Amino acid sequence: PSALLLLFYILFTMLCVMNIITGVFVDNALESAKRQRDYMIEKEMHTRDRYVKQLNHFFKSVDLTGDGEVEISELKEMLLDEQLAAYFRVLGFDA
């Protein structure tokens, strides 16, 4: 009977140790996923800010009169300028 009790003790202890090791691995995986998610959110916000700055620059360069409004004639003028037209395409608008 004591040999059976010792075997049970060893198996139970091994199970506990394996459970702890598994918990450490799962915790590390969850922490890594959280860091990656936070990084992706930060990257997306940075990308959004960059696009907003680019659009501000774009509309300021299209506004030939400097009145803060972009008129159709100014857009047509922009399409004739190859550099601005390329910039427009880079932002995802087909000219």
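Whatever comes next refers back to the structure up there.
In this text, all values refer to a predicted model and were calculated from it rather than measured experimentally.

A.B. asks: Residues and numbers for the overall build of the protein chain, please.
C.D. replies: Counting its secondary structure elements, the protein chain contains 3 helices and 0 strands. What you see for the protein chain is a C-alpha radius of gyration of 31 Å, clearly larger than the 12 Å of a compact globule of 95 residues, by over 25%. In terms of overall dimensions, the protein chain has a C-alpha envelope of 95 × 20 × 15 Å along the principal axes. Relative to its 95 residues, the protein chain shows a buried fraction of 9%. Pairs at least 24 residues apart make up 31% of the contacts formed inside the protein chain by residues separated by at least 6 positions. Here the protein chain displays about 8,400 Å² of accessible surface, and carbon together with sulfur accounts for 65% of that area. Computed over 10 positive and 15 negative side-chain charges, the separation of the two mean positions in the protein chain equals 9 Å.

A.B. asks: Help me get a handle on the packing of helix H2 (residues 72–80) against helix H3 (residues 82–90), residues and values and all.
C.D. replies: Between H2 and H3, the shortest axis-to-axis distance is 5 Å and the interhelical angle comes to 100 degrees. The orientation of H2 relative to H3 falls into the category roughly perpendicular. Where H2 abuts H3, its residues Met78, Leu79 and Leu80 lie against Glu82, Leu84, Ala85 and Phe88. For the contact of H2 with H3, the residue count by class is 6 nonpolar, no polar and 1 charged.

What counts, and at which threshold
Residues numbered from 1 in each chain as written. Predicted model: local features only at pLDDT ≥ 70, side-chain atom pairs only at ≥ 80, totals over all residues. Heavy atoms only, no water. Helix = DSSP H or I, 4+ residues; strand = E, 2+ residues; numbered from the N terminus. Rg over C-alpha atoms; globule rule 2.2 N^0.38 Å. Buried < 20%, exposed > 50% of the residue type's maximum accessible area, 1.4 Å probe, protein only. Contact = heavy atoms within 4.5 Å. Areas by Shrake-Rupley, 256 points an atom, 1.4 Å probe, with all protein chains shown as cover. Lys, Arg positive; Asp, Glu negative; His and termini not counted. Charge placed at Lys NZ, Arg CZ, Asp CG, Glu CD. Axes fitted to C-alpha atoms, helices over the stretch in contact; angles between N-to-C directions. Parallel < 35°, antiparallel > 145°, perpendicular 65-115°, else oblique. Nonpolar A, V, L, I, M, F, W, Y, C, P; charged D, E, K, R; others polar.

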